[in-house]
Amino acid sequence: MSNLDLSWLSVLSFGFAAIAGACFVTFAQRWSPQTGQSFGRLLAASIVIAFGWWSAVLLSQLALSSLPPTLGELDAALLAVPPLVGGIMAALLLETSRQPLRRVLGAAGALTAAALLPPASIAQVTPFGMLWPLLLLAAGLVFVCLFPALMLISPESPSAWRNVGALLLLAVGILLPQIFRLAWWPADHGTAVVDESAWLSRVVVLDTGATIALFMLIQRLLGRDSQLRDAASPEAELAARLQAASVEKDSLVHYQERRCEHIIQSADVGIFEWEIRTGTLSLGGTWASMLDYEDEQATQLSRIPDPWRQLCHPHETALAQRLLRQLARGQREQALCELRLRSARNSWHWVMVNARVVEHFPDGRPQRVLGTLVDIDRLKRAEYALLAERRLFASGPVIVLTFEAVPPHRLRHASSNLPDARGYPEQHQPLGEPLAALFHRDDADGLAELMVRVVDQPGVPVQREVRVVRADNSWRWYVLHVVADRPEASALRAYLVDINRLKEAESNIAAHNLTLQGMVQKMAATQHFMQTLQQFTELLQVCENEAESRQIITQGGPQLFPDWSGALTVAGVSGLMEVIASWGEPFTSERTEETDCWAVRRGHLHQSNADSSALSPVCGHFGAGPTLPPGIQHAICAPLLKSFERPGVLHLIAHRKMNSDELSAITWGAELFADALKLSLGNLRLRASLREQAVHDVMTDLFNRRYFDEVLHREVSRSERTGEGLILGIIDIDHFKSFNDSFGHDAGDRVLRTVAEQLQDFVRAYDIACRVGGEELAVIMPRAHIEEGFARLDQLRQEIRGHRLTHNGVRLPAITVSIGIAELDGNSADSLLRRADAALYAAKHEGRDRVMRWDPSMDLAFSSALAQGERRPTRH
Ligand SMILES: Nc1nc2c(ncn2[C@@H]2O[C@H](COP(=O)(O)OP(=O)(O)OP(=O)(O)O)[C@@H](O)[C@H]2O)c(=O)[nH]1
């Protein structure tokens, strides 16, 4: 129903109402002449009836119209109130006042109210105007009822029967048009305007129909109803055509609606229609089945105030509401978005919403929005799956490549993780570049041969390890898998699988293996060194003398230190360090000062190198310079200090530059070898010292009596074996007791040591001087004859006699000795000794201070002396 129709109906309603009121009044007046005493009153009543009727109809119609709101609902209500109140007051004034002037004023007020009400009613139409038009409609009905009420309460009213008659007449006037409308008025007139307010439309139609029916009833009463019912009349024909056109239009609309519905159903599209003014949202199409809602659930959802908030995923609710708000404010004509809606199974379903403003108010503001909901759930999930796969590839260890099958195998496509693998920005894809440009030069060389194999064997992947060069010229290891999908393919497909960590692990394992091997070799070398050292140590332990140990050291050094030259220096009697053994290249002087060696000074191993610093100075025995002699790279000095009375040093030098491991192994070995040498040399010296102590007389440092006995027998045997001569002389200090007695025991000792020294100086290299008793000395003179021996011993006697001693400031008397001498002449050692004793006895007996040579005559006297105890058997 258009506004134009409503306007005409409104005018007609007003006119009909006015005429009906006038007829009613005329009829009532004719029926009961006493009723209408005042023409003005009757006129006012007619106007009031007409006004109420008209306003009710008009406001109903306006409530259903699409006029946009111009004022707020409260303002509109206030605008509507004054004319209503004015009308009511005017009517009351008419009824209550009998003065003509007041009635005229009341009539004027009623007319003014009637004139003011239409614009006020129009103004109050708002998007929420369903309530106020209803109120105004009720107000209009009050006006309709006002007249009978006035009739009842007026003191001038007719009898009750007349009033009842008037009410019945009014009721008939209202009911008849309804009956007429049901029989004649187009049934669907106005019902299609707004479905949800159809009951109101019916009221409008009812009222409008009632107006028209009343008009027609009046026309009939006036005898003019045949004009309306005449079908052959031009108006009737026009009405019939209009009716046909309306039916055809309705049919077309119905067809279009069915068509649209079919399209929507077959396209699986949900639709919604949003009445912006009222906020009404109508959902249709397949949206419910799309979201698995039952019809009943769908209907319930359609009725809730804000279904978007209920249905939308929380992430997209704000977006949906913002777009709808922008549509409602006219900030955009169309909105397109993807969002998730809650399905009946409480899962989320992706839909694409396309909403467009399809109707505007006359002032251009959006009035109605039509939208579609397209199911994109499967599409969206596929998109997410694809995206996930792309992300997997983008961050994964596999790079996908496609390149031309023919050289130079230019790249056609590469997965997005290639730039990152090469250390380039994301957008740096080397498309169009030869495949070989990706790889290390050494790996790129074999690509041509690889590609030939790939092309020859379609479907068979060929692989090899390659290094992908990065932006900073470093590289990472990958396995390149290349395959031709089909014979004579124009492009080849390849995968690069990152194996860098694997390579690193392999490298680490190889390094560890090398380290392990090194350790094993080191242990083997150490074990070999220890075994060799143990063998040499054992040999050194059993060396009889230093000469033997020197030989062992000279031979063992090169075996223990193959790449090194060495020397063993020991402090000699002079205090200088003397080389006692060496091997390899000589590198130190035969004699050096102890203080030349830093090892001796510091008391522990000292090492210096060709590039020695201040913390490892070069020892002085290498020369005066601050550096090692040319060619020597390393020098090690290991001291032999502890438990070895004389300082000794093991020196090692190397001409080859060695690493720290080798040097630490050598220093460790040098210390061990130095310890072994220290023990060995110490033992040797200890043994020599013990042996010396065993055969020597402590006081005189001559061989002792035990040794004398051994040597005498040995020399006798040797002389017998060789036939060489052997002389034995026994020397006894004369009156030795008197030295003790006169000058003390110390003086006696002094005299004894002096004679022993003179004897030691006297003897030849192969003579053996011994102390055989208290003050008795002996000298064994191998390879000597008796005359020679006699002469030499007599010379000794004279030297002793000529040597004067001073003891404690006292000059001692001259020392004289008596010497008996005998020659071996086939007799035994005991016999030789006895003869020498006999000769000594004879010398004593002859007056002392002389040398006597044995002759057989001496034996008797000696035997006699022994028998008488004059001669003690010191050697027996
Ligand atoms: N001071 C000292 N006296 C010794 C040592 N050994 C022996 N005597 C002493 O040497 C003296 C030897 O005296 P005798 O055997 O009587 O002979 P003598 O006095 O040398 O007289 P003749 O041999 O007859 O000339 C004894 O008094 C011993 O005590 C010794 O090692 N030191």
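Along every chain, residues carry numbers that run from 1 in the direction the sequence is written. In keeping with the predicted nature of the model, local features appear solely for residues at pLDDT of at least 70, side-chain atom pairs appear and are counted solely at 80 or more, and the whole-chain, interface and lining totals rest on all residues. The side-chain quantities take in all heavy atoms of the structure and omit both hydrogens and water.

Some remarks on the pattern of salt bridges
Alright, step 1. Salt bridges, as used here, are contacts in which a Lys or Arg side-chain nitrogen is within 4 Å of a carboxyl oxygen on Asp or Glu. Tallied over the full model, the rule gives 36 salt bridges.
Alright, step 2. Notably, a salt bridge pairs Glu 273 with Arg 368, separated by 3.6 Å at the nearest N-O pair. Of this pair, Glu 273 sits in strand β1 (residues 269-275) while Arg 368 sits in strand β5 (residues 366-375); the two residues are 95 residues apart in sequence, bridging distant segments of the chain.
Alright, step 3. Among the ionic pairs, Asp 563 bridges to Arg 656, the shortest N-O distance being 3.1 Å. Here Arg 656 lies in the loop between β16 (648-654) and α21 (660-695) and Asp 563 lies in the loop between α19 (546-560) and β11 (565-571), a separation of 93 residues in the sequence.
Alright, step 4. Look at Asp 563 and you get partly exposed, because its relative accessible area is 46%.
Alright, step 5. Sharing partners across several salt bridges, the network here consists of Arg 714, Glu 715, Arg 718, Glu 724 and Arg 783. Secondary structure is summarised from DSSP: a helix means a run of H or I of at least four residues, a strand means a run of E of at least two, and numbering begins at the N terminus for each. Each residue is assigned to one of three classes by its accessible area relative to the maximum for its type, calculated with a 1.4 Å probe on protein chains only: buried under 20%, partly exposed between the two thresholds, exposed over 50%.

A short note on the site of the ligand
Alright, step 1. Neighbouring residues of the ligand: 16 residues in total, closest His 735, Phe 736, Asn 740, Arg 771 and Arg 848.
Alright, step 2. Definition of a polar contact: a pair of N or O atoms within 3.5 Å, with one able to donate and the other able to accept a hydrogen when the atoms are protein atoms, and with sequence-neighbouring residues admitted only if both atoms are side-chain atoms. Interatomic distance of 3.1 Å between a backbone N/O atom of Lys 737 and an oxygen atom of the ligand.
Alright, step 3. Here His 745 contributes a side-chain N or O atom positioned 3.3 Å from a nitrogen atom of the ligand.
Alright, step 4. Using a 1.4 Å probe, the Shrake-Rupley method yields the accessible areas, and only the shown protein chains count as cover for residues. When the ligand sits alone it has 650 Å² of accessible area, and the protein chains cover 69% of it.
Alright, step 5. Elements that contribute at least two residues to the shell around the ligand include exactly β17 (726-733), α23 (736-743) and α24 (745-762).
Alright, step 6. At four residues, α24 tops the list of elements feeding residues into the shell around the ligand.
Alright, step 7. Residues of the shell around the ligand, tallied by class, amount to three nonpolar, five polar and eight charged. Being near a molecule or strand, for a residue, comes down to having at least one heavy atom within 4 Å of it. Polar here means any residue other than Ala, Val, Leu, Ile, Met, Phe, Trp, Tyr, Cys and Pro, which are nonpolar, and Asp, Glu, Lys and Arg, which are charged; Gly is therefore polar.

A word on a positive patch on the surface
Alright, step 1. Together, Arg 322, Arg 325, Arg 329 and Arg 332 make up a region of like positive charge exposed at the surface.
Alright, step 2. Within the element layout of this structure, Arg 329 appears in the loop between α13 (314-328) and β3 (334-342).
Alright, step 3. In this structure Arg 329 comes out as exposed when scored by relative accessible area, which is 57%. Exposure above 30% relative accessible area and no salt bridge define the residues that can form patches, which grow by joining like charges within 9 Å and nonpolar side chains of Val, Leu, Ile, Met, Phe, Trp and Tyr within 5 Å. Positive residues here are Lys and Arg, negative ones are Asp and Glu, while His and the chain termini are left out of the count. Lys charges are placed at NZ, Arg charges at CZ, Asp charges at CG and Glu charges at CD.

Remarks on the sheet that holds strand β4 (residues 348-360)
Alright, step 1. DSSP-based pairing: two strands are paired if at least 2 bridges between them are found. Strand order in the open sheet formed by five strands is β2-β1-β5-β4-β3, and the pairing between neighbours is antiparallel. The two strands at the open ends of the sheet, each matched to only one other strand, are β2 (280-285) and β3. Between one strand axis and the next, the sheet turns by 25° as a mean value, whatever way the strands run.
Alright, step 2. In this sheet, β2 lies alongside β1 in antiparallel orientation, the contact comprising six bridges. Across the sheet, Glu 273 pairs through a bridge with Ser 282, a residue of β2.
Alright, step 3. The strands touched by α13 within the sheet are β1, β3, β4 and β5, with β3 carrying the most contacts at an inclination of about 150°.
Alright, step 4. Only heavy atoms enter the contact rule, under which two residues are in contact if any of them lie within 4.5 Å. Note on geometry: axes are C-alpha line fits, over the in-contact stretch for helices, and angles between N-to-C directions span 0 to 180 degrees. Contacts from helix α14 (residues 377-395) reach β3, β4 and β5, with the element oriented near 125° to β4.

With respect to the state of the cysteines
Alright, step 1. We call a pair of cysteine sulfur atoms a disulfide whenever their separation is within 2.5 Å. Under the criterion given, the structure shown has zero disulfides.
Alright, step 2. The cysteine Cys 312 is free of any disulfide, with Cys 337 supplying the nearest cysteine sulfur at 7.4 Å.
Alright, step 3. The class for Cys 312 is buried, based on a relative accessible area of 4%.
Alright, step 4. The buried category is assigned to Cys 337, whose relative accessible area is 9%.

Description of the sheet that holds β16
Alright, step 1. As summarised here, the arrangement of the six strands in space is β13-β12-β11-β16-β15-β14, forming an open sheet in which the pairing is antiparallel. Two strands close off the open sheet at either side, each with one partner strand: β13 (591-592) and β14 (606-609).
Alright, step 2. Pairing between β11 and β16: six bridges, direction antiparallel. Within β16, the position partnered with Ser 565 by the bridge is Ile 653.
Alright, step 3. α19 contacts β11 and β12 (577-583) of the sheet and is inclined by roughly 50° relative to β12.

Side note on the packing of aromatic side chains
Alright, step 1. Side-chain rings of Phe, Tyr and Trp (the six-membered ring for Trp) are treated as a pair once their centres are within 6.5 Å; stacked means planes under 30 degrees apart, edge-to-face means over 60, and tilted covers the remaining angles. Using the criterion set out here, one finds 10 aromatic pairs in the structure.
Alright, step 2. Relative to Tyr 384, the ring of Trp 350 lies with its centre 6.2 Å away and its plane at 40°, an arrangement referred to as tilted. Placement of the pair is Trp 350 in strand β4 and Tyr 384 in helix α14, with a sequence separation of 34 residues.
Alright, step 3. Trp 350 gets classed as buried once you look at its relative accessible area, which sits at 7%.
Alright, step 4. On the numbers, 6.5 Å between centres and 45° between planes, the contact of Phe 736 with Phe 739 is tilted. Remark: Phe 739 and Phe 736 occur in helix α23; sequence separation between them is three residues, near one turn of the helix.
Alright, step 5. Residue Phe 736 is classed as buried on the basis of its relative accessible area, which comes to 12%.
Alright, step 6. Classification of Phe 739 by relative accessible area gives buried; the value is 4%.
Alright, step 7. Cluster of aromatic residues (ring-pair linked, three or more members): Phe 529, Phe 561, Trp 668 and Phe 673.
Alright, step 8. Here, a charge over a ring means that NZ of Lys or CZ of Arg falls within 6 Å of the ring centre while also lying within 35 degrees of the ring normal. The lysine or arginine in question, Lys 503, covers the ring of Trp 477, its NZ or CZ lying 4.5 Å from the ring centre.
Alright, step 9. Positioned over the ring face of Trp 854 is Arg 835, at 4.1 Å from the centre of the ring.

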